[in-house]
Amino acid sequence: MKKSKFLIVAAMMSFVALLSFTGCSSSTLLIGTWQDSKGNEIEFVEDGTFNSSIAVGGITEELSGTFAWQEGSTAINFYVSDGRILLSIFEINGGILKMSWATDTSTTELLSLQKIK
């Protein structure tokens, strides 16, 4: 009887530990819509697509395509529907997504976005 209770408790603790490790990954936190006070917005969809409206150097560009990253990495590759590949470095801290957004014109905008959806 004591052995079966121990096994049940051990299984429950293992399950809770597994949920805590998988539930807080950056990939899970990244999915959703992020926006800043300037109107810059980016949406990351679970299927690996993105939509964005970002102003860089005073010019607002609306882009869509797919994105990819490796778990644990701080780099995201954006494969834009027009054929460009953009690289962004990001960090999520306290519900704020901080990221660099660079265009092919070598202009970089540093964004600080809050999750709205």
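It should be noted that the structure appears before, not after, this text.
Predicted model, so just to flag it, every value in this text is computed and none were measured. (Residues numbered from 1 in each chain as written. Predicted model: local features only at pLDDT ≥ 70, side-chain atom pairs only at ≥ 80, totals over all residues. Heavy atoms only, no water.)

Engineer: Explain the pairing of strand E5 (residues 75–80) to me, please; I cannot follow it from the model alone.
Structural biologist: Put simply, side chains in a regular strand alternate between the two faces of the sheet. Every second residue of E5 is oriented toward a common face, the buried set being Ile-76, Phe-78 and Val-80 and the non-buried set Ala-75, Asn-77 and Tyr-79. Note: strand E4 (residues 59–68) against E5, four bridges, orientation antiparallel. Looking across to E5, one finds that Phe-67 is bridged to Phe-78. Taking the residues between adjacent antiparallel strands as the criterion, E4 and E5 are bridged by six residues, where Gly-72 takes a positive phi near 90°. Two strands pair when backbone bridges link them, and E5 and strand E6 (residues 85–93) are joined in this way by five bridges, in the antiparallel orientation. Pairing of Asn-77 across the sheet is with Leu-87, part of E6. Between E5 and E6, which follow one another and run antiparallel, lie four residues, and Gly-83 among them has a positive phi close to 105°. (Buried < 20%, exposed > 50% of the residue type's maximum accessible area, 1.4 Å probe, protein only. Helix = DSSP H or I, 4+ residues; strand = E, 2+ residues; numbered from the N terminus. Pairing = 2+ DSSP bridges.)

Engineer: Honestly, the environment of Asp-36 in this entry has me stumped. Any pointers?
Structural biologist: Considering the arrangement of structural elements, one finds Asp-36 in the loop between strand E1 (32–35) and strand E2 (41–44). A residue is classified by how much of its surface remains accessible, and Asp-36, at 13% relative accessible area, is buried. Taking the C-alpha atoms as reference, Asp-36 lies 7.6 Å from Leu-111; in sequence the two are 75 residues apart. Filtering out sequence-adjacent residues up to four positions away, Asp-36 remains in contact with Leu-111, Ser-112 and Leu-113. At 3.1 Å, the side chain of Asp-36 forms a polar contact with the backbone nitrogen of Gly-39. (Contact = heavy atoms within 4.5 Å. Polar contact = N/O pair within 3.5 Å; in protein donor to acceptor, adjacent residues only side chain to side chain.)

Engineer: Help me understand the environment of Glu-41 in this model?
Structural biologist: Tracing the sequence through the fold places Glu-41 in strand E2. With relative accessibility at 28%, the residue Glu-41 sits in the partly exposed group. Sequence separation between Glu-41 and Ile-54 is 13 residues; the distance between their C-alpha atoms is 6.2 Å. Every residue in contact with Glu-41, bar those within four places of it in the chain, is listed here: Thr-33, Trp-34, Gln-35, Asn-51, Ser-52, Ser-53, Ile-54 and Ile-116. A polar atom in the side chain of Glu-41 sits 2.8 Å from the side chain of Gln-35.

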